[in-house]
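# Residue-level structural notes
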Amino acid sequence: MENNTSGFVMSTLYDSLLRYKPGTTEVAPGIAQSWETSADGLTYTFHLRKGVKFSDGTPLDAKAVIWNVDRLLNKANPQYIYNTGPVEGYIDFTYGAVASYKAIDGDTVEFKFKRPSAPFLNSLAMVWNGLVSPAAAAKWGKNYRNNPVGSGPFILREWRQRDEIILDANPSYWGGKPKVDHLIFKELPDPQAAVLALKRGEIQILGDLSTQAVPVIRNDPNITLLTQPGLAVSGVAIPVDVPPFTDKRVRQALNYAVDKNVINKALYAGLAVPMTSPLPQAQWGFDKSLPGYPYDVAKAKELLKDAGVKPGTHVELLTYNSPRGYNPAGPNLAIAIQGFLKKVGIIASVRQLEIGAFFTVVRSGTYKGLMMEGWTGDNGDPDNFLGELWGEANFPVVNWSRYKNPAFESLLAQALVVSDPAKRTPLYDQAQKLVLDDAPWIFVNSTLQIRAIQKNVKGYQLNPTQMFFGMENVSLN
């Protein structure tokens, strides 16, 4: 997911039918305490915890779960999600193969599928599939997004736009009252100011941490640096429908032009590895036999010459202006890439935008320059990278390259209906080869997830999705 920031807060407000085991993307019981899957993979039955309530007192029973699904899929539902304003989510990704859904009894729900959906269970645990209070959605209507109500460990008290979000502990949380009374998510767009606030003890956990701050953090006895192999990739989206990028040789040349090892050493303090596949190394299905694009200036120049691209060709490179979870170096990565492209005769002018304005431009589907892009895995499934970033259905919200390849689409479709990972992997191997060769991105790197916490924070655990799961277990000494 590109826009993790909203998910950070949602992961503390909402529960989903399933959740991830701490520190992993393996599924575990959530609101559903058990479940069964039919042998043909077409029926899923979930048994809910009894007595769970949303924080407004509304029962979280089978009726509420089915209402939540209906709100996402049924246009006739009075609170249909797409009638509330712009929506960015994983509705079709999660429920696209669902044929029907119903409550069997007060504590049991059943989903029938048109075809098997291998990632379904993992997708249910995503923060984006949190269950909302039907009563609150009906009460607030289009303004529900400013008044969220879930069954999670924390409750929204106040939202100060572009500043901070204040949450209170949910005293009736089914998993037990959280160990801290309040959580505050504060927006600190200046990376140096964020580190200073951490060092002063004004904040206890620093989320999107700039790699430039890593040496400072490591030398502070009161701060702990946490790292975890990352389900994250970072690169540059190339608009494949804009000359000269319509020529695959040009896109490949841009990949050969960039020295990923130098970038990782200089900008990431060694906390990143070059992308040799469209998947990160921490993702199951990663094809370690792929060579990626080694740094080769001569090869880049040769490909550009063969494609008729003359030295001095100008292009704009659009970047966000702050660190991201998948790119802790922020706009410095764009500046580094600018330098490497210049060595092969491509003159890239870097334009920085605040993240909201940046998303507006790149999601228009009409931008003609190069775009910094990154992704953090949401559910631990390969399709969440390959299908989201380069799938035709995800243009223009995520597939900024406007990449289309029928052979690639066919491989993804085949993989989605096979439940056995051992049988899915060969299909994803072929898909990775196709995308790597077609080069709709400059494949730069995959970073470790890095966060910094005060030494007095206890019980905080990273998750590969970067969400703030399990915050009810966090305490302060």
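As shown above, the structure is provided for reference.
Here we summarise the structure given alongside this text. Just so we're clear, the structure is a prediction, and the values are computed from it rather than from any experiment. Along every chain, residues carry numbers that run from 1 in the direction the sequence is written. The predicted nature of this model means local features are confined to residues of pLDDT at least 70 and side-chain atom pairs, given and counted, to a pLDDT of 80 or more, with totals for whole chains, interfaces and linings taken over all residues. Computation of side-chain values covers all heavy atoms of the structure but excludes hydrogens and water.

## Regarding the overall build of the protein
Selection criterion: In this description a helix means any DSSP run of H or I spanning at least four residues, a strand means any run of E spanning at least two, and both kinds are numbered starting from the N terminus. Radius of gyration here is computed from C-alpha atoms only, and the compact-globule reference equals 2.2 Å multiplied by the residue count raised to the power 0.38. Contact criterion: two residues are considered in contact whenever any of their non-hydrogen atoms come within 4.5 Å of each other. Surface exposure here means Shrake-Rupley accessible area, sampled with a 1.4 Å probe, where a residue is shielded only by the protein chains that are shown. Here Asp and Glu are counted as negative and Lys and Arg as positive; His is not counted, and neither are the chain ends. Throughout, a charge is located at the NZ atom of Lys, the CZ atom of Arg, the CG atom of Asp or the CD atom of Glu.
Of regular secondary structure, the protein possesses 15 helices and 20 strands. By the compact-globule yardstick of 23 Å for 477 residues, the protein fits well, its C-alpha radius of gyration being 23 Å. Viewed in the frame of its principal axes, the protein has a C-alpha envelope of about 70 × 55 × 40 Å. A separation of at least 24 residues holds for 69% of the contacts in the protein among residues at least 6 apart in sequence. When the accessible surface of the protein is summed, it comes to about 19700 Å², and 53% of that surface belongs to carbon and sulfur atoms. Within the protein, the 44 negative side-chain charges are centred at a point lying 3 Å from the centre of the 48 positive side-chain charges.

## Thoughts on the packing of aromatic side chains
Convention followed: Two rings from Phe, Tyr or Trp (for Trp, the six-membered ring) form a pair when their centres sit within 6.5 Å of each other. Planes less than 30 degrees apart are called stacked, planes more than 60 degrees apart edge-to-face, and all others tilted. Any residue under 20% of the maximum accessible area for its type is buried, any over 50% is exposed, and the rest in between are partly exposed; the area is computed with a 1.4 Å probe on protein chains only.
Going through the model one piece at a time under the given rule, you end up with 29 aromatic pairs. Ring centres of F8 and F468 lie 5.1 Å apart, and the angle between their planes is 80 degrees; on these two criteria the pair is classed as edge-to-face. With F8 in helix 1 (residues 4-13) and F468 in the loop between strand 19 (457-458) and strand 20 (475-476), the pair connects residues that are 460 residues apart, well separated along the chain. Here F8 and F468 have matching classes, each one buried. Each ring, one from W390 and one from W441, has its centre 5.2 Å from the other, and the planes form 75 degrees; the classification is edge-to-face. Of this pair, W390 sits in helix 13 (residues 383-390) while W441 is found in strand 17 (residues 441-447), placing the two residues 51 residues apart along the sequence.

## Notes on the sheet that holds strand 5 (residues 98-105)
Pairing between sheet strands relies on hydrogen bonds along the backbone, with the strands arranged either parallel or antiparallel. Convention followed: Strand pairing requires that DSSP identify at least two bridges connecting the strands. Helix axes use the C-alpha atoms of the stretch in contact, all axes being lines fitted to C-alpha atoms, and the angles between their N-to-C directions lie in the range 0 to 180 degrees.
Taken in spatial order, the 4 strands make up an open sheet running 3-4-6-5, and their pairing is antiparallel. In the strand order of this sheet, the two ends are held by strand 3 (32-37) and strand 5, each with one partner. Within the sheet, the average angular offset between the axes of one strand and its neighbour, ignoring direction, is 20 degrees. Where strand 3 meets strand 4 (residues 43-48), 5 bridges bridge the pair, whose relative direction is antiparallel. Within the sheet, the bridge partner assigned to W35 lies in strand 4 and is F46. Its contacts with the sheet place helix 2 (residues 62-73) against strand 4, strand 5 and strand 6 (108-113), and it is angled at close to 160 degrees to strand 5.

## Quick word on helix 12 (residues 355-362)
In plain terms, the rule: The arc refers to the directions leading from the helix axis to the C-beta atoms. Each polar contact in these results corresponds to two N or O atoms within 3.5 Å; when the atoms are within protein, one needs to be able to donate a hydrogen and the other to accept it, and residues that are neighboring in sequence are counted only if both atoms are side-chain atoms.
Here helix 12 has its buried residues at I355, F358, F359 and V362. Relative to the axis of helix 12, the buried residues are bounded by an arc of 95 degrees and lie together on one face. Those residues of helix 12 hidden inside the fold are in contact with strand 14 (313-320), strand 15 (346-353) and strand 16 (370-376). Near the N-terminus of helix 12, the side chain that reaches the backbone nitrogen of G356, with its oxygen 3.1 Å away, is that of E354.

## Description of the environment of P239
The topology assignment puts P239 in the loop between strand 12 (232-237) and helix 8 (248-257). Along the chain, P239 and T366 lie 127 residues apart, while their C-alpha atoms are 9.1 Å from each other. Leaving out residues up to four positions away in the same chain, P239 has contacts with F245, Y367, K368, G369, L370, M371, S401 and R402.

## Some words on the nonpolar core
When a protein is soluble and globular, its nonpolar side chains tend to lie buried together. In plain terms, the rule: For our purposes a nonpolar core is just a set of buried Ala, Val, Leu, Ile, Met, Phe, Trp, Tyr and Cys residues, chained together by side-chain atoms within 4.5 Å.
Of all hydrophobic cores here, the largest spans 131 residues; its most connected members are F46, F111 and I337. Top element by residues in this core is helix 2. It accounts for 7 residues. Grouped together as the second largest cluster of nonpolar side chains are 14 residues, A197, A213, L271 and I450 included.

## Describing the layout of surface pockets
Under the convention used in this document: Any residue with an atom within 4 Å of a point lines the site, the site being either a cavity, points on a 1 Å grid over the protein atoms alone where a 1.4 Å probe fits but cannot get out, or a pocket, an open set with protein on both sides within 12 Å along at least 5 of 7 lines. Grid points are joined across faces, edges and corners, and a volume is the space filled by probe spheres set on the points. Following the grouping adopted for this structure description, the nonpolar residues are Ala, Val, Leu, Ile, Met, Phe, Trp, Tyr, Cys and Pro, the charged ones are Asp, Glu, Lys and Arg, and the polar ones are all others, Gly among them.
Its boundaries defined by the atoms lining it, the second largest pocket holds a volume of some 790 Å³. Listed by contribution, the elements that provide at least two residues to the lining of the second largest pocket are helix 3 (91-95), helix 13 and helix 14 (406-416). Of the residues in the lining of the second largest pocket, the class split is 18 nonpolar, 7 polar and 7 charged.

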